[in-house]
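# Per-entry structural report
Spelled out, the chains give:
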2 protein chains.
Amino acid sequence: MTSGIPDSIMALVVKQDGYNPNPEGGIHFETMEPYLEFKEIAVPDLAAGQVLVGMAMAPINPSDLHFLKGEYGQPRRAGKPAGFEGVGTVIAAGEDPYAQSLIGTRVSFAATPDGTGTWATHAVAEAMLCIPQPDSVGDHDAAGFIVNPLTAAAMFEEAKAAGSPGIVLTAGASQVSKFIVALARDSGLDSICIVRRDVHNQVLTDLGATVILNQTEDDFAAELTSTMKERKPRFFIDAVADATSTQVFNAMGKDSTWMIYGSLSPETPPLPNTGELIFRNKVIKGFWLSPWLSGAALDEKLAVFAEVQARFSDGRWSTEVGATVKLDSAVETLVEALADPRGKVFIQP
Amino acid sequence: MTSGIPDSIMALVVKQDGYNPNPEGGIHFETMEPYLEFKEIAVPDLAAGQVLVGMAMAPINPSDLHFLKGEYGQPRRAGKPAGFEGVGTVIAAGEDPYAQSLIGTRVSFAATPDGTGTWATHAVAEAMLCIPQPDSVGDHDAAGFIVNPLTAAAMFEEAKAAGSPGIVLTAGASQVSKFIVALARDSGLDSICIVRRDVHNQVLTDLGATVILNQTEDDFAAELTSTMKERKPRFFIDAVADATSTQVFNAMGKDSTWMIYGSLSPETPPLPNTGELIFRNKVIKGFWLSPWLSGAALDEKLAVFAEVQARFSDGRWSTEVGATVKLDSAVETLVEALADPRGKVFIQP
């Protein structure tokens, strides 16, 4: 142990345990009070390979919100700080030399089961999983460095490996979609973005989106059909999982994959026409970053980290920033901040 | 060409073209008259590698019925005989020596695009795709030798290759399911049969079914959950694709595959909970015999043919026989015959 450890940690801690027995889906909240409270907690002892990070900033991702509802791939633990990722500076470390070497370093990191959440003044992280950041990667980009960028990069690699000439994206103007649009352009693949509003079309076009389809337009079904015929994408990366998703997949050609990574809609969509699965060799599956992070080979992960860092450093990728809320008032202000359509919401100590 | 060719062929020919633009699903028919007519057609010229088979018997499979409705993986051709498979004796052949060598031989075969359907007095088949049958394989087994047995064998191989300790089957008492139950027993895998009626339970038990669950019982959901926990099957072979199928898949553990090969229900089921796909690495796909027949390696196919022949010869497999209808009255009698629950319906010239 070294000095620099605070007397206590102030954090937004989870109020409920386990899973929601009756999942409602979606990420809409009327109020945060049943789910989160601002509270003082003790500073955990650091294991040899752990570091204590003085938090600078943490993003609010859809996965955080599903988790708070008890509708994510891991159970809630009442009394533990929320927040899956963030950026900050290492102020103390366990006895392991590599952990010690990180003291004073600005790092991005994702919370682990043995550590603590990032919506706090300080968080405990695994030194081996910290990603030191150069000054060229700003706090907003560094705070959301892992969940969205790595999800985008890992899913894009799977689409590319499937040999598809293009990728269809729902929530087409989301952060993950925008990252994928840029990756697709750089690899010469089509990107077909399904959006609900036209406000982000210029941004998507500037990033290199091939086709933008507004699902609320009267001619959506016809445009969808003709786009699928012309572009023949065989990979569908879906954040929403609603009836429009089923419609999109039904319109895609044979040998297509529907990969669901988010559940932004509370609706349960119908299965595609069974003929699409039986006669046209189409497959439905999911994607979750967590097993990818623990399962992918280290060199594969390092290559993806380096790619993400390079893209944020030179501006090919950037995080669209919405509201920023303060840790001590987030329980009251978060719902309104999340309604802000400008971009991602962040929490600052 | 050799002699022995009849003046004309009497056949049940398809009346409609192409696909049904508004698929209704299922295999229920009020009447066959819009779909089939009994008609005299000319005898096609035989190509070098083709044979003319004097038909002995042909089965009526669900795939035939989906096809007649225009809801199968290939378009209808008005004026062409229906019937995907059957058994008969080769009475004439094209000039190819192997085709010639089959004259007088009793063969099972599946109809091909260049040949003609099996619901007829005679059918044109590809000599290379004919399977000569020993006397030990009776007409009912030989007539339905390809579609159901090969579907069962090919799907079972995929389940086994996936390393699943067991297989869940809907339409648990169907011919395909029974074949798979026997294969599973011989390989030491569990088979869990979902049925709607208890009448076939003794047959399934005798074949080696591990668990039989009646989906109409009040305690079905509880029994399903406890069976999945105890047996941990990870492969679901589904002929029905209805809401019960979704319920079954939701109850299965992580890394499970839902393989849909039939669409006996006209209902469109909901997609499983998206969390099952995202967090539990579950996959939904289809199976169709047609690409397997053209895609699998020859030695793999020959091994499967030999296995099927051995099982029918020694009685490990047998076809459950329902009604038999005559070719010339089938348009009028088929609907009633199909309502007979005893087993598969056959057509005889």
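Residues numbered from 1 in each chain as written. Chains lettered and ligands numbered in written order. Predicted model: local features only at pLDDT ≥ 70, side-chain atom pairs only at ≥ 80, totals over all residues. Heavy atoms only, no water.

## Details of the relation of the copies chain B and chain A
Convention followed: Superposition of the copies was done by least squares, using only C-alpha atoms of residues whose pLDDT is at least 70 in both. Residue contacts follow a heavy-atom distance rule, with two residues in contact if any of their heavy atoms lie within 4.5 Å.
Note on the copies: chain B fits chain A at an RMSD of 0.0 Å, the axial shift is 0.1 Å, and the rotation between them is 180°. Here the transformation between the copies is reduced to the relation of a two-fold axis. A share of 100% of interface residues in chain B that are also interface residues in chain A marks the association as one of identical surfaces.

## Here we look at the environment of threonine 225 of chain B
Residues and elements named next belong to chain B. Formally: Secondary structure elements are taken from DSSP: a helix is a run of H or I of four residues or more, a strand is a run of E of two residues or more, and numbering for both begins at the N terminus. Only protein chains enter the accessibility calculation, which uses a 1.4 Å probe. A residue is then buried if its area is under 20% of the maximum for its type, exposed if over 50%, and partly exposed in between.
Of note, threonine 225 is situated in helix 7 (residues 220-231). Threonine 225 gets classed as partly exposed once you look at its relative accessible area, which sits at 35%. Expressed as a C-alpha distance, the spacing of threonine 225 and methionine 252, which sit 27 residues apart in the sequence, is 8.0 Å.

## Here we look at the nonpolar core
For clarity, the cut-off: Definition used in this section: a nonpolar core is a set of buried Ala, Val, Leu, Ile, Met, Phe, Trp, Tyr and Cys residues joined via side-chain atoms within 4.5 Å.
Membership of the largest hydrophobic core comes to 115 residues, with the highest contact counts inside it found for Val51, Trp119 and Ile284 of chain A together with Val51, Trp119 and Ile284 of chain B. Those residues in contact with valine 51 of chain B that lie beyond four places of it in its chain are Leu46, Val90, Ala92, Ala93, Ala99, Leu102, Ala123, Val124, Ala125, Ala127 and Cys130 of chain B.

## Concerning the domain arrangement of chain A
All names here are of chain A. Basically, it comes down to this: Start and end positions for the domains come from either an automated domain assignment or a database one. Summed over both partners, the accessible area (1.4 Å probe) lost when two parts come together is defined as the buried area.
Here chain A is partitioned into domain 1 (9-144 + 319-348) and domain 2 (149-290). When each unit is reduced to the centre of its C-alpha atoms, the spacing between domain 1 and domain 2 is 29 Å. Taken together, the contact pairs 14 residues of domain 1 with 11 residues of domain 2. Both sides together, the interface formed by domain 1 and domain 2 hides about 910 Å², and carbon and sulfur atoms give 50% of it.

## Quick word on a negative patch on the surface
Stated precisely, the cut-off is as follows: A residue counts toward a patch only above 30% relative accessible area and without a salt bridge, and it is joined to like-charged neighbours within 9 Å or, for Val, Leu, Ile, Met, Phe, Trp and Tyr, to nonpolar neighbours within 5 Å. Calculation of accessible area relied on Shrake-Rupley with a 1.4 Å probe; when residues are assessed, cover is drawn exclusively from the protein chains displayed. Just to be clear on terms, a salt bridge is a Lys or Arg side-chain nitrogen sitting within 4 Å of an Asp or Glu carboxyl oxygen. When charges are counted, neither His nor the chain ends are considered; positive counts come from Lys and Arg and negative counts from Asp and Glu. Charge positions come from single atoms, namely NZ of Lys, CZ of Arg, CG of Asp or CD of Glu.
On the surface, Asp198, Glu217, Asp218, Asp219 and Glu223 of chain A cluster together to form a negatively charged patch. Mapped onto the elements of the fold, aspartate 219 of chain A is located in the loop between strand 10 (211-214) and helix 7 (220-231).

## Re the packing of helix 7 of chain A against helix 8 (residues 243-251) of chain A
All names here are of chain A. Under the convention used in this document: Each axis is a line fitted through C-alpha atoms, taken for helices only over the stretch in contact, and angles between the N-to-C directions span 0 to 180 degrees. Note on convention: the crossing is left-handed when the near helix lies turned anticlockwise from the far helix by less than a right angle, right-handed when the turn is clockwise.
Running from amino to carboxyl end, helix 7 crosses helix 8 at an angle of 35°, the nearest separation of the two axes being 9 Å. The handedness of the crossing between helix 7 and helix 8 comes out as right-handed. Where helix 7 abuts helix 8, its residues Phe220, Ala221, Leu224 and Met228 lie against Thr244, Gln247, Val248 and Ala251.

## Observations regarding the packing of aromatic side chains
Two descriptors summarise a pair of aromatic rings, namely the distance from one centre to the other and the angle between the planes of the rings. So the rule is basically this: Within 6.5 Å between ring centres, the rings of Phe, Tyr and Trp (the latter by its six-membered ring) count as paired, and their orientation is classed by plane angle as stacked under 30 degrees, edge-to-face over 60, tilted in between. As a reminder, the over-ring test applies to NZ of lysine and CZ of arginine, requiring each to be within 6 Å of the ring centre and within 35 degrees of the ring normal.
Inspection of the entire model under this criterion finds 24 aromatic pairs over all chains. For the pair phenylalanine 179 of chain B and phenylalanine 312 of chain B, a centre-to-centre distance of 5.7 Å together with 80° between the ring planes defines the contact as edge-to-face. On the criterion of sequence distance, the pair formed by phenylalanine 179 of chain B in helix 5 (residues 175-187) and phenylalanine 312 of chain B in helix 11 (residues 298-314) is long-range, its members being 133 residues apart. Ring geometry for phenylalanine 179 of chain B and tryptophan 317 of chain B: centres 4.1 Å apart, planes at 25°, overall stacked. On the criterion of sequence distance, the pair formed by phenylalanine 179 of chain B in helix 5 and tryptophan 317 of chain B in the loop between helix 11 and strand 14 (321-326) is long-range, its members being 138 residues apart. Residue tryptophan 317 of chain B is classed as buried on the basis of its relative accessible area, which comes to 1%. By the ring-pair criterion, three or more aromatic residues cluster together here, those being Phe67, Tyr72, Phe84 and Trp288 of chain A together with Phe279 of chain B. Over the ring of phenylalanine 29 of chain A we find lysine 69 of chain A, and its NZ or CZ is 5.2 Å from the ring centre. The cationic tip of lysine 282 of chain B hangs over the ring face of phenylalanine 249 of chain B; the distance from NZ or CZ to the ring centre is 4.9 Å.

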